[in-house]
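Observations on the model geometry
Chain residues, written in single-letter form:
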Amino acid sequence: MKTTLKLLSAAICCFMLAVTIRTSLTESLWAAWPAYSASPWAMATFWDAYSGFTLFWVWIAFRERSWPVRILWLLLVYALGNIATAAYLFIALHQLKPDQPASDVLHRRPA
């Protein structure tokens, strides 16, 4: 299960990086923002995504014991979205010992 989750999180991270880079090369976020923000569905999707990012960060804040690390991940998640969430999950899974089950990633990190 850990290997599957690592592969999935790595694939999502790479896919989102590729999509973001390709899109950024086509049109900057700042140039697209006026038309994007004018669409009610786009804004609903935006707020939905950031609500999910906030919930994911709450889990990160629970797991991590250091406030500087918590704040760093908050900035990364808000700036990079699912690129950062996939990277965090990949790192958390990678830090498990071989004999630990994938479910241990849900637990608070030891001090």
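Structure: see above.
All of these numbers come straight from a predicted model, not from anything done at the bench.

As a further point, take the packing of helix α2 (residues 29-38) against helix α3 (residues 40-63). Following both chains from N to C, one finds α2 and α3 inclined at 100°, their axes separated by 5 Å at the closest point. The orientation of α2 relative to α3 falls into the category roughly perpendicular. Two secondary-structure elements touch here, α2 through W33, Y36, S37 and A38 and α3 through P40, A42, M43 and F46. Class assignment of the residues belonging to the contact of α2 with α3 gives a composition of 7 nonpolar, 1 polar and no charged.

On to the environment of W41. Along the chain, W41 falls in helix α3. The class of W41 is exposed, set by a relative accessible area of 70%. As a C-alpha pair, W41 and L93 span 52 residues in sequence and 34 Å in three-dimensional space.

Moving on, we come to the nonpolar core. In summary, soluble globular proteins display a tendency toward joint burial of nonpolar side chains. Counting residues in each nonpolar core, the largest one holds 15 residues, and the members touching the most others are W57, I60, W73, Y88 and V105. Within the residue set of this core, elements represented by two or more residues are α3, α4 (67-80) and α5 (82-94). The greatest single-element share of this core, amounting to 5 residues, is contributed by α3. Contact partners of Y88, with chain neighbours within four places excluded, come to F56, W59, I60, R63, E64 and W73.

Since the α-helix packs 3.6 residues into each turn, any two residues three or four apart lie on the same face. Taking 1.5 Å per residue as the helical rise, helix α1 (residues 2-26) with its 25 residues ought to reach 36 Å, and the 36 Å between its terminal C-alpha atoms agrees with that figure. Listing the buried residues of α1 in full gives K2, S9 and C13. Each element contacted by the buried residues of α1 is listed here: α5.

To continue, consider the pattern of salt bridges. Under the defined criterion, the tally for this structure stands at 1 salt bridge. Two residues, R109 and E64, come together in a salt bridge whose shortest N-O distance is 3.7 Å. Residue R109 is located in the segment after α5, and its partner E64 is located in the loop between α3 and α4; the two are separated by 45 residues in the primary sequence. The partly exposed category is assigned to R109, whose relative accessible area is 28%.

Take the packing of α3 against α5 next. Between α3 and α5, whose axes approach to 11 Å, the crossing angle comes to 30°. Judged by the inter-axis angle, α3 sits roughly parallel to α5. As for how α3 packs across α5, the hand of that crossing is left-handed. Residues F53, F56, W59, I60 and R63 of α3 form the contact with α5, whose participating residues are N82, T85, Y88, L89 and A92.

Reading the values: the criteria
- Residues numbered from 1 in each chain as written.
- Predicted model: local features only at pLDDT ≥ 70, side-chain atom pairs only at ≥ 80, totals over all residues.
- Heavy atoms only, no water.
- Axes fitted to C-alpha atoms, helices over the stretch in contact; angles between N-to-C directions.
- Helix = DSSP H or I, 4+ residues; strand = E, 2+ residues; numbered from the N terminus.
- Parallel < 35°, antiparallel > 145°, perpendicular 65-115°, else oblique.
- Contact = heavy atoms within 4.5 Å.
- Nonpolar A, V, L, I, M, F, W, Y, C, P; charged D, E, K, R; others polar.
- Buried < 20%, exposed > 50% of the residue type's maximum accessible area, 1.4 Å probe, protein only.
- Core = buried A, V, L, I, M, F, W, Y, C linked by side-chain atoms within 4.5 Å.
- Expected span 1.5 Å × (residues − 1).
- Salt bridge = Lys/Arg side-chain N within 4 Å of Asp/Glu carboxyl O.
- Left-handed = near helix turned anticlockwise from the far one by under 90°.

None of this, on its own, says anything about what the molecule does.
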